[in-house]
Structure formats: C-alpha cells, structure tokens
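Survey of secondary and tertiary structure
Below are the chains, spelled out letter by letter.
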Number of protein chains: 4
Amino acid sequence: MTNNLLKGKRGIIFGALNDMSIAWKVAERAVEEGAIITLTNTPVAVRMGTTEELGKKVNAQIIPADATNVADLENVFIKSQEILGGKIDFVLHSIGMSPNVRKKRTYDDLDYDMLQTTLDVSALSFHKMIQVAKKMDAISDGGSIVALSYVAAQRTFFGYNDMADAKSLLESIARSFGYIYGREKNVRINTISQSPTLTTAGSGVKGMDDLMDFSDRMAPLGNASADECANYCIVMFSDLTKKVTMQNLFHDGGFSSMGMSLRAMNQYSEGLEKFKNKDGKIIYG
Amino acid sequence: MTNNLLKGKRGIIFGALNDMSIAWKVAERAVEEGAIITLTNTPVAVRMGTTEELGKKVNAQIIPADATNVADLENVFIKSQEILGGKIDFVLHSIGMSPNVRKKRTYDDLDYDMLQTTLDVSALSFHKMIQVAKKMDAISDGGSIVALSYVAAQRTFFGYNDMADAKSLLESIARSFGYIYGREKNVRINTISQSPTLTTAGSGVKGMDDLMDFSDRMAPLGNASADECANYCIVMFSDLTKKVTMQNLFHDGGFSSMGMSLRAMNQYSEGLEKFKNKDGKIIYG
Amino acid sequence: MTNNLLKGKRGIIFGALNDMSIAWKVAERAVEEGAIITLTNTPVAVRMGTTEELGKKVNAQIIPADATNVADLENVFIKSQEILGGKIDFVLHSIGMSPNVRKKRTYDDLDYDMLQTTLDVSALSFHKMIQVAKKMDAISDGGSIVALSYVAAQRTFFGYNDMADAKSLLESIARSFGYIYGREKNVRINTISQSPTLTTAGSGVKGMDDLMDFSDRMAPLGNASADECANYCIVMFSDLTKKVTMQNLFHDGGFSSMGMSLRAMNQYSEGLEKFKNKDGKIIYG
Amino acid sequence: MTNNLLKGKRGIIFGALNDMSIAWKVAERAVEEGAIITLTNTPVAVRMGTTEELGKKVNAQIIPADATNVADLENVFIKSQEILGGKIDFVLHSIGMSPNVRKKRTYDDLDYDMLQTTLDVSALSFHKMIQVAKKMDAISDGGSIVALSYVAAQRTFFGYNDMADAKSLLESIARSFGYIYGREKNVRINTISQSPTLTTAGSGVKGMDDLMDFSDRMAPLGNASADECANYCIVMFSDLTKKVTMQNLFHDGGFSSMGMSLRAMNQYSEGLEKFKNKDGKIIYG
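Residues numbered from 1 in each chain as written. Chains lettered and ligands numbered in written order. Predicted model: local features only at pLDDT ≥ 70, side-chain atom pairs only at ≥ 80, totals over all residues. Heavy atoms only, no water.

What follows covers the overall build of chain A. In terms of regular secondary structure, chain A is built from 10 helices and 9 strands. For chain A, whose C-alpha radius of gyration is 20 Å, the value lies close to the compact-globule estimate of 19 Å for 285 residues. In terms of overall dimensions, chain A has C-alpha extents of about 75 × 45 × 40 Å along its principal axes. Intrachain contacts of chain A at a sequence separation of at least 6 include 75% that bridge at least 24 residues. Surface exposure of chain A reaches about 9,700 Å², of which carbon and sulfur atoms provide 50%. (Helix = DSSP H or I, 4+ residues; strand = E, 2+ residues; numbered from the N terminus. Rg over C-alpha atoms; globule rule 2.2 N^0.38 Å. Contact = heavy atoms within 4.5 Å. Areas by Shrake-Rupley, 256 points an atom, 1.4 Å probe, with all protein chains shown as cover.)

This is the structure:
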C-alpha cells in the first residue's frame, strides 16, 4: 500500500545490512512511497551482507563508504546527486557499533581506543555526514535527516555499555546541527528512539531476549517492529512534518513513558514467588 | 493535495470555533485525506462561532456538547457512531480556557472556583472524553487520540498562568490513559505541543505578539502554523504511527530544544543597547 | 548528629501523621538542625494519628487545618508566625490522598467528584498554601518550600491511578509559583521525587510490596528511606541551596535514570524460566 | 561559616585555575567544611594559573596531571591517598575545553581532530578518572563524584558549539557509571548544571555578556554565582545526599524551567520597539 508520501523525493539510506535491518525496511518503504534512493554501507558490510539484493529489489545503486571518513562521505553525496539527478531530500543514519561490546569489555574496563571507535562510528559519523552535506549544499531546502537511537541515551540499561554514551552524543548532534541547518536551509534533523529490535546489530547486546520480553510487556502497545519503524521514518521524511526538528521521537509502543505495567510486574512477581514465605512476604538475603 | 492517509476512517473533532482554529484546519485536512467526521463544540461556541460554515464545507454534522459534561460526551459518541456508521478511529481534543486569564487574575491571586473550571475544561474534559469512549467501546482497535498542548507544561511563561498547570495535567492524562487504553484496545493517546498560534484562544494571552516574535526567532524553522499543525495531526491519526503513544510531541520549529538562537539574541541585544556604556558593558540599576 | 543547617530558622511541616511519615522524620531532623517549627495536619488526622506525640518530642505546637481550605491555611500562617516569632523560612508539603484509589475505582472508571478531591488535596492545596503565604507576606526573603512527589508524574505505574495526574499538577504548580515567588521574594519552590516509601499513605497503593522490590533492585543505591529523604529536605531548606528552584529533584537511589538493571533483570528472568523451552527461548501464548 | 559537612572527608579537586574558577571556590569551601584535599590540573595550567596560591591557602598539595592520560590519573589517585591518608570520599570534575571554539571553527565547519580533543578533555576524562579510581578501589564506600555541566546539554545555545555535545556525553557518562559504581560501592555520580559563570573558561564563549544578561533576567533568582555553586557541590559531597545519583541537577536560579520571564521579555521588547509601526504591530522584513 502506498500513500505517495515521498513522490519525487531523492534519498540516501545508510546502514542497510540485511533484511533484518531497519534501514532495509526504510529503503523498501521509501521506494514504495515514490522515492528514488541510493544505499550506502561500509565496504565490508556490502561484501558480507546482502545489500546488493536490496539494491536490485528497490532499483538502487550502492555506494560503499566508511561513514567515519569524510572523503567517502563526500563521494556518497556527489554520486547520489549524480545518480538521482538533484539535491537530496532525505537521509537515514542507521549506524552503530561498539568494539567494547563486541570484545565484552565491561563499562568499568573500557578500552579507550575502542571507545573512540564507538563514538566515531555511532555518533560522530552523523556529524560528518551532515557537515559534508551542508558544505556541498547537497540537501534541498526543507529536507529531512533522521538517525536511529535508543532510550539508553536517557536511562541506563545494563550491558548496553558505551553505546548509551554514543546515543546521547548522537541525539545531541541532532539538536546542535538541527539548529544550524534549520535556520539556514530549513533542513530538519531528528532522532527516532526505537524499541529494541532484533537486528544483526541488536542481537549482540547482552540478555537481548529477556530485555525484549520486558520491554514488550512494559509497553502498552508492545515493542515496535522494524516495519513499523520504517513507517515512522517515512512520515518524518514526508512534507507533513516540516516543522518538527531537533527532537528525539520515541517509537516504542509507550515504553519510554512507563514506570511499571501490570503485565511486566506479574512476570516480575513470578520470579519473586520462590522468595516469598507462606504469608506472601518477600524473604531477602 | 491528498495522500489518502485517513481513507475510510471516522473521526470526531472537538473545538473548531472559526477558521483561525487549529481544529478547523484539522477537520478540513482530515476530510481531504479521506475521513468522514463529526464536529463538536459548546452550544455557546456553536452559536457564536462559524462552526456551521465548516460543517457545510466538510460535510460534517455538528453535535453541540459541553466537554466537561459526561452525558453530553456520551451523546457525542453515540451520535457520531450513528452518523458515521461505525466505531471512531480518531479524536482531536482542542479545548482550553481559563477564566482566571480572562478575568486577569494573576497566578498569585487565583480564584479557586475559576481554577477548577480551568482544569475541568482544559484537562479533565480529556479524561472524561476518553473514559466515556472506552466505556462505550466507541473507539476502534488501533484508534488514535490527540490533544493539543503547549510547552508551558514544561517551562514557565509569564502570563500563561493556570493554563500551564492545566496543560501539565492534560499531558499526564494522556500518559495515564494511554497505558490503559493501549494495553486493552491498542488505542494510542498523544499530545502535540504546538508553537504559539494566533487563534481566538491564543490571542487572549498577555503579550502574545512579542512572545510569538521571540518564539519565531528562537526556532530555527520559525513558528509552526495552524495548517502545519493540522498535517502533524493527520500523521498521528494515520496508520503510519501505530506504535507511538503516551508521548508529548513538540511541533514548534525546534523551539523546545533551543536555549538561545543568534537571531533572538540579536533582537534581545538591541534592547540592551541603550543600557550599555561606551565600552559596551551593560549598566545595571 | 547535627550540622546546624537550620539554626535560627522557622518552619511549618504539613502532613506528619505517624512515625512512618516522611514529614515526621523531616520535623525531627529540622529541629535537630536547629529549627523551630509548627506542625499541621487535618483535624481527623491529628485525632487519629500520633501527631501530638511528635509535637511533644520536637517541642512543636500543632495547628489543625484542612489544607484545601484557604481560611484554615491563613490560620496556620498567622499562628505559626506568632508562635515562632517571625516570618517562616521553610515549609514542607507532604500531603496526598485519592478517594478513587481508596474506593478501588480504576483509572478508566474514575468518579469525577473524587478526582476533584484527589487534585484538590494532593496538588491544589500546594497552590493555596503558597498563595496564602504570599498574600500575607509570611515567608522570609530567600525562604524555601518543598513538596514531596513521585516519579509517576513522568512515567505511568499501574495502580497509581489519578495520583499520577495529581503529582504532575503538583510539580507544575512548583514551577509556576516558583517563578513568581522567586522573582519577587527570592523564595524557592521545589519538589522532591522520592522512592516508594512504606508510609501509611504509600501502603494503600496496589502491589506496593512487589513494586518496592522492583524499585529497590533497579536503583543502584536501592530505595531511599524516609530518614534519607528527611536529610535531603533539610539540605533544600538550608542556605546552601539558595539558587535551586522550580526543580523536581529525584531522591531515589538512581531509579529514575535506570532503564534496566542486572539485578532487576535477573529477578524478572526467574519469572520467565517457566515459560522457556529447553533451548532457552521464551514460549509465548 | 561552617557546618562541618565534610568533617574528616578526603577529596580531590580537578580544574582549579584561578580565583574565578568554580573549582577554586569548591576547594575553599570543602576545606572550610572540614575536608582535606588535593588539587590537580594540567601541568600548563598549574604553571600559568595561580593554583599554587590556592594550595597554600587551603593547605593542599598540587598534583599536576593531564586528565585525559590514564597514567597521570592513576598517579593522582595514588598520591592523593598517600597524602590524605586513606580512600577518597569526594571528587570534583571541573574540566572543559574546545579547540574548535578557541579557533573559532563554527559547528558546521568543525575540525574532527579538535572535536576529538573537545570530547576527550571535556567528557571522556570523566570516564577515565572514574575507571581509574574504581580499578584502584580508591573511592570509599558511599563516596560522591560531581562534574560540572551546562544546560546546553539539553538545549542548543548559539556559539556553544561542540561543547554542547561534550556536555551531553559527560552527563551520559555520569548515568552509565553511576549505575555501576553505585551498585558495587554505593558511590554516587551526579552532574551539576550551573548558570553561565564568568570564569576564564566561560569568558571564551561568544556573546557571553549578553547571554549572561538574558539568563539572569530569565531566572527568577538570577544567575547562580561560583560561590553558590560551591555550596551546592558541598551538599552533594556531604552525607545528606547519599541516595542522589545519576542525576543532572540544575543550579541556575530557575533558568532551566523558564520559557519566558516578564523581565527578559521586557528587555526583548525594547529591542523590538524600533520595528513597530504606530499601532504597535511588529513590522517584519
């Protein structure tokens, strides 16, 4: 089903690895809604993933690029404008990676070179992408830039580690640059804070399964899926949200506004049962 | 232009007084996007305003109702379902009024009967409307409810008076009921925190002109208009935002994420000029 | 142990019912820190509770008052100034009650007269107290007013019901009046958002035991006790926090900044065990 | 005046450059309140500043250290424990610097090596300091760590540039590490978000004078001074705030909760006067 929300628009999608990726779904939906796009990911990801399959499916050229490399980013914007025949109307940043998480370094034993990589890949790449685009005047007046974030930017989740700091930094960059790009070119910049999603990236996080269960029972509408996230991205790229900028938008079935749901508490209490005495009081210690 | 985002949907719009009203624009846009709707407002407002003109324009019946009156609200939902032929898919709450503001009672000299009216009209009506709808099971699974709010719910603006407290209460009700209606019927409830807008309601606020100028210069994209707000409401009513609930969504050109813009500061500094000595230092006192 | 933080200061404590009350602990600590105080509570509470015992212990007169009644509040401030010999330096508001919770009305079946009472007792009493004080110029320059709140003002907790809305309203009043009383008399107004605490009031909340367990395991420092809360109140009354105003201050062992802790998740996962198949995957439905 | 709030406590103060520094004031007040401390700053700052004068005044040894260098930080904690005779009870992080700001690089023309330095000096140093301390078990159970921040972490101020992103990152680190250090050693970690303050660091920020005027007129209690900030730090180091952690605490006279004050608006309107026609309407363009 299409509403032609992106008819005639040109977009660039960063970070579509395989069909579990949110970026993949966004690419599909964007084209469905009438956009023409290019895809980009790291050369390694392009080789390992199935980005090419997506490229064929949505009739999009793939431009390999290291998103932390300014020259590569310049190439993405130059090529994309050539291929798509004009300035870019929307960009999705769906990039995140922590070597500390991968190497199972705990937050109180971070490797600082790795931390720098976490921040560079997951947050500073967003600044670089925008700065490159702005210097080249590659984004059309009223364009829309979205990055994907997670509620760990506001609240601490065990195991999410230095990615939490990276997401805070990412959201700050959205505000800082949203001001400047907005006042000069009416370009809006927002982050979408998505439910935990079982992507290849997400599956690396510790205890992901149980966390997703908790998150799902807390949220009155349950966890938001990658498909639903793609719909929200489309909305943010469309002309119907032209005055929304510098925001972090929760797309999480209500999780972020919950303190405790009955469903999650029932589950939690199950775990407490064995620690209760016959009067139903919890036995500690 | 239409994207058919509300094709086949049934809606109720509370609070369309005249063609300056945001609710008026929402009604127009909703119908444009394929919805069929009913309109409701207080009997007095219906008589004094031009709601009937709107009714003719968008082919909508008007059901007069005092939104603080449970029986009236029941009638709105009964009649609307009869007229529209089924359960309701979306509802807009655009209602606010403070007798204390009207009577120029300052915040440190509030009349408490009037305060009660402010809260009842501007916030509790939202609870009543939702409770009535839920008891009648009048809203379809996955339906969407939106109320209009203002950033004064988070930050104090001189002269906004007890309306700030009413907006805080309104946003809290959206969260509290969003949890319950979400978990049971997948109905989502959100507030949209809109730029100051020159409506008949807004024009009662003290120093509105200068405040709108400040707000416009602070926001990188400038103040959001009533038309643009209507677009955002459409998006929140559509099926593309099915997992967004319990949120307060700023629709304000970025104002809420600004501390100080260069444009606003330049304006502010103009005002300081006459208080500066020849070295450019500010002379206080 | 004393640090003489309130030496020579005069205070009024609203809401000390019995020795489980936070207000009771604040009264004790305030006097320990050198303050002289009066106590006030509803006539019923004074009769039923053990406020008199506290009065003797801390050498404080008790002034019965209905905090929703302006005349009663005037009496509290007149008498307190007479008894204590001058303007008031600090006030604690520790008042909250919901007839809807007591009568087990769910949030989608609220009685609106009761809701009005919830808001009047738990939130508007705060405005009335401050308005009365300001009109009488009863609070000294640089004085400090604190009300106790709960994180349900920001996030929904099942069973907390209309008290969540009351707390949102309370916190909004702190901001709105903090602006006005601050600019005119340097009086600061804040709310302290305290961990769930086993008081007579708190014990009415549904599933309180399990919620306190969850909250305790989420917070890295565990739940804050009533005694610890009293210390934080003292700090906010002291001259060391003269520029803190219009804030909601979380005193909760870190709960408010947590998304999920390992301890709470372990507990939660215990509850999941029985729903897992032999591969450790959760079986839904 | 002293309240003996830090009697017998050992502390380390990072970042006291000269007598305009907040850290300087904190050092003085900490000692006044009964603490013994060490001071640390970069070797360059130690040479250029007047840290030695402070050292003599408060009887504190100075340990030069580059706060981005792990080995230097280890030395600070080893030496401080030797000098002070035991584990450390409190630490102040008052460090921030942006080469991009110094070199007048705008936010859309950042030098990325400089950005890395901004983040490393202003934010990652905080993580390094804590990680070093935790690995050495150098902080006593129930200890307190505070870093100074600014509201630009939440809202964009023109000219504050990449320091805004650094402050967001700093506040995130406080949360992330607050969880881990709290659950294991009851160490609390908070940031204090201070009014703009005329320090040597602050004076580099563009249009600082006018911004401070705006901030002062917005805040009902006016800007908080460095002396007042020192008092708030003392409170956060004391045993009276043992359950406050992972928080960002605004110490700003109420600024952060203001949308617009009458005083600031009057000033702003002065600047508008010349753009108004004889009917008082603003003439744009």
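Attention now goes to the sheet that holds strand E3 (residues 61–62) of chain A. Residue and element names in this part refer to chain A. Sheet architecture is open: 7 strands sit in the order E3-E2-E1-E4-E5-E7-E8, paired in parallel fashion. With partners counted over all chains shown, the strands left at the sheet margins are E3 and strand E8 (248–251), one partner each. Here strand E5 (residues 139–149) pairs with strand E7 (residues 188–194) via 6 bridges, running parallel. Residue Ser144 lies in a different strand from E7, and its bridge partner there is Arg188. Against the sheet, helix H3 (residues 51–58) makes contact with strand E2 (36–40) and E3, and its axis sits at roughly 175 degrees relative to E2, the strand it touches most. Packing of helix H4 (residues 70–84) onto the sheet brings it into contact with strand E1 (10–14), E2, E3, strand E4 (88–93) and E5, and relative to E1 it is tilted by some 145 degrees. (Pairing = 2+ DSSP bridges. Axes fitted to C-alpha atoms, helices over the stretch in contact; angles between N-to-C directions.)

A few words on the packing of aromatic side chains. According to the stated counting rule, one finds 34 aromatic pairs over all chains in the structure shown. Consider the rings of Phe177 of chain A and Tyr107 of chain D, whose centres lie 5.1 Å apart with planes at 70 degrees: the pair is edge-to-face. Within this pair, whereas Phe177 of chain A is found in helix H7 (residues 162–185), its partner Tyr107 of chain D is found in the loop between helix H5 (99–102) and helix H6 (112–135), the two belonging to separate chains. Accessibility assignment for this pair places Phe177 of chain A and Tyr107 of chain D in one class, buried. One aromatic cluster in this structure is built from Tyr150, Phe157, Tyr160, Phe214, Phe255 and Tyr268 of chain A together with Tyr150, Phe157, Tyr160, Phe214, Phe255 and Tyr268 of chain C. Above the ring of Tyr112 of chain C, the side-chain terminus of Lys128 of chain B is found at 5.2 Å from the ring centroid. (Phe/Tyr/Trp six-rings, centres within 6.5 Å; stacked < 30°, edge-to-face > 60°. Buried < 20%, exposed > 50% of the residue type's maximum accessible area, 1.4 Å probe, protein only. Lys NZ or Arg CZ within 6 Å of the ring centre and 35° of its normal.)

This brings us to the sheet that holds strand E2 (residues 36–40) of chain D. All names here are of chain D. Spatial strand order, E3-E2-E1-E4-E5-E7-E8: 7 strands in an open sheet with parallel pairing. Each edge of the open sheet is held by one strand with a lone partner, namely strand E3 (61–62) and strand E8 (248–251). By the bridge criterion, 2 bridges tie E2 to E3 in an arrangement that is parallel. What sits directly across from Leu39, in E3, is Ile62.

Turning next to helix H9 (residues 226–237) of chain C. The end-to-end C-alpha distance of H9 of chain C, which contains 12 residues, comes to 16 Å, matching closely the 16 Å that a straight helix rising 1.5 Å per residue would cover. Turning to H9 of chain C, its buried residues are Ala226, Cys229, Ala230, Asn231, Tyr232, Cys233, Ile234, Val235, Met236 and Phe237 of chain C. (Expected span 1.5 Å × (residues − 1).)

Moving on to the relation of the copies chain D and chain C. Both copies of the chain are related by one operation, a rotation about an axis with a shift along it. It takes a turn of 180 degrees to lay chain D on chain C, together with a shift of 0.0 Å along the axis; the resulting RMSD is 0.0 Å. Seen this way, the second copy is the image of the first under a two-fold rotation axis. Nearest to the rotation axis, the C-alpha of Asn3 of chain D is located 2.5 Å from it, this being the minimum over chain D. (Least-squares fit on C-alpha atoms with pLDDT ≥ 70 in both.)

Once that is clear, we can look at the pairing of strand E4 (residues 88–93) of chain D. Consecutive residues of a regular strand have side chains that alternate between opposite faces of the sheet. Residues and elements named next belong to chain D. In terms of burial, E4 is largely enclosed, as 6 of its 6 residues are buried. Pairing of strand E1 (residues 10–14) with E4, which is carried by 4 bridges, proceeds in the parallel orientation. Pairing of Ile13 across the sheet is with Leu92, part of E4.

Facing the 41 residues of chain D at the interface are 41 residues of chain C. Buried surface at the junction of chain D and chain C, both sides included, amounts to about 3,300 Å², of which 62% is carbon and sulfur. Per-residue buried area on chain D facing chain C is highest for Leu221, Leu240 and Lys243 of chain D; these three make up 26% of the total on that side. The shortest N-O distance in the salt bridge between Glu228 of chain C and Lys243 of chain D comes to 3.0 Å. Linking chain D with chain C are 17 residue pairs in polar contact (both at pLDDT 80 or more), by the criterion used here. Among the secondary structure elements, those contributing two or more residues to the side of chain D that touches chain C are helix H7 (162–185), helix H9 (226–237) and E8 of chain D. (Buried area = accessible area lost by both parts, 1.4 Å probe. Salt bridge = Lys/Arg side-chain N within 4 Å of Asp/Glu carboxyl O. Polar contact = N/O pair within 3.5 Å; in protein donor to acceptor, adjacent residues only side chain to side chain.)

This part covers the environment of Lys104 of chain B. Looking at where Lys104 of chain B falls in the secondary structure, it is placed in the loop between helix H5 (99–102) and helix H6 (112–135). The sequence separation of Lys104 of chain B and Ile37 of chain B amounts to 67 residues, and the corresponding C-alpha distance is 36 Å.

Let us now look at the pattern of salt bridges. Between side chains of opposite charge, a pair can form as their charged atoms come close. Across all of its chains, the model carries 60 salt bridges over all chains by this definition. In this structure, Arg105 of chain B engages Asp109 of chain B in a salt bridge whose closest nitrogen and oxygen atoms are separated by 3.4 Å. One salt bridge in this structure joins Lys135 of chain B and Asp109 of chain C, with 2.5 Å as the shortest N-O distance. Of the two residues, Lys135 of chain B is situated in helix H6 and Asp109 of chain C in the loop between helix H5 (99–102) and helix H6 (112–135); the pairing between them involves two chains. Take Lys135 of chain B: its relative accessible area is 52%, and that puts it in the exposed class. Since its relative accessible area comes to 26%, Asp109 of chain C is described here as partly exposed. Counted as one network, the salt bridges with shared partners bring together Asp108 of chain A together with Lys134, Arg183 and Glu184 of chain D.

So, on to helix H6 (residues 112–135) of chain A. Residue and element names in this part refer to chain A. The axis of H6 is deflected most strongly, by about 50 degrees, at Leu124. Among the 24 residues that make up H6, 19 are buried, leaving the element largely enclosed by the rest of the structure. A side-chain oxygen of the first residue of H6 lies 3.0 Å from the backbone nitrogen of Asp113; this N-cap is Asp111. Count one or two residues on from H6 and you reach Asp137, which has phi positive near 50 degrees. (Bend = angle between axes of the 7 residues up to and from the residue.)

A word on the pairing of E5 of chain A. Residue and element names in this part refer to chain A. In terms of residue burial, E5 counts as a mostly covered element, since 10 of its 11 residues are buried. Across 5 bridges, E4 lies against E5 in parallel orientation. Residue pairing for E5: Leu92 is matched across the bridge by Val146.

What follows concerns the state of the cysteines. Under the counting rule described, the total for this entry stands at 0 disulfides over all chains. Summary of cysteine pairing: Cys233 of chain A is not part of a disulfide, and the nearest cysteine sulfur, belonging to Cys229 of chain A, is at 4.4 Å. (Disulfide = S-S within 2.5 Å.)

This part is about unusual backbone geometry. We note that Asn59 of chain D has phi near 60 degrees; this positive angle belongs to a residue other than glycine. Residue placement: Asn59 of chain D occurs in the loop between helix H3 (51–58) and E3.

Another aspect to go through is the confidence of the model for chain A. In the predicted model, chain A carries a mean pLDDT of 93, and 92% of its residues have values of at least 70. Scoring the predicted complex yields pTM 0.95 and, for the interface, ipTM 0.94. (pLDDT = per-residue confidence, 0-100.)

On to the side chain of Thr68 of chain D. Checked against the element boundaries, Thr68 of chain D lands in the loop between E3 and helix H4 (70–84). What Thr68 of chain D contacts, discounting residues up to four positions off in sequence, is Asp120, Val121, Ser125 and Lys128 of chain D.

It is worth spelling out the environment of Ile173 of chain C at this point. Along the chain, Ile173 of chain C turns up in helix H7 (residues 162–185). Among the residues examined, Ile173 of chain C registers a relative accessible area of 1% and is labelled buried. Dropping the residues within four chain positions of it, Ile173 of chain C is found in contact with Tyr107 and Asp165 of chain B together with Ala123, Leu124, Phe126, His127 and Gly178 of chain C.

On to the packing of helix H1 (residues 22–32) of chain A against H3 of chain A. Residues and elements named next belong to chain A. In the contact formed by H1 and H3, the axes pass within 10 Å of each other and the chain directions differ by 10 degrees. If you check the angle between H1 and H3, you find them roughly parallel. Mapping the contact onto sequence places Trp24, Ala27, Glu28 and Val31 in H1 and Thr51, Glu53, Leu54, Lys57 and Val58 in H3. Residues of the contact of H1 with H3, tallied by class, amount to 5 nonpolar, 1 polar and 3 charged. (Parallel < 35°, antiparallel > 145°, perpendicular 65-115°, else oblique. Nonpolar A, V, L, I, M, F, W, Y, C, P; charged D, E, K, R; others polar.)

Before going further, it helps to spend a moment on the packing of H6 of chain B against helix H7 (residues 162–185) of chain B. Residues and elements named next belong to chain B. The contact between H6 and H7 brings their axes to 9 Å, and the two run at 10 degrees. On the basis of the axis angle, H6 is roughly parallel to H7. Across from Leu115, Thr118, Leu119, Ser122, Ala123, Leu124, Phe126, His127, Ile130, Gln131, Ala133 and Lys134 in H6, the residues of H7 making contact are Asp162, Met163, Asp165, Ala166, Leu169, Leu170, Ile173, Ala174, Phe177, Ile180, Tyr181 and Glu184. Residue classes in the contact of H6 with H7 are distributed as 16 nonpolar, 4 polar and 4 charged.

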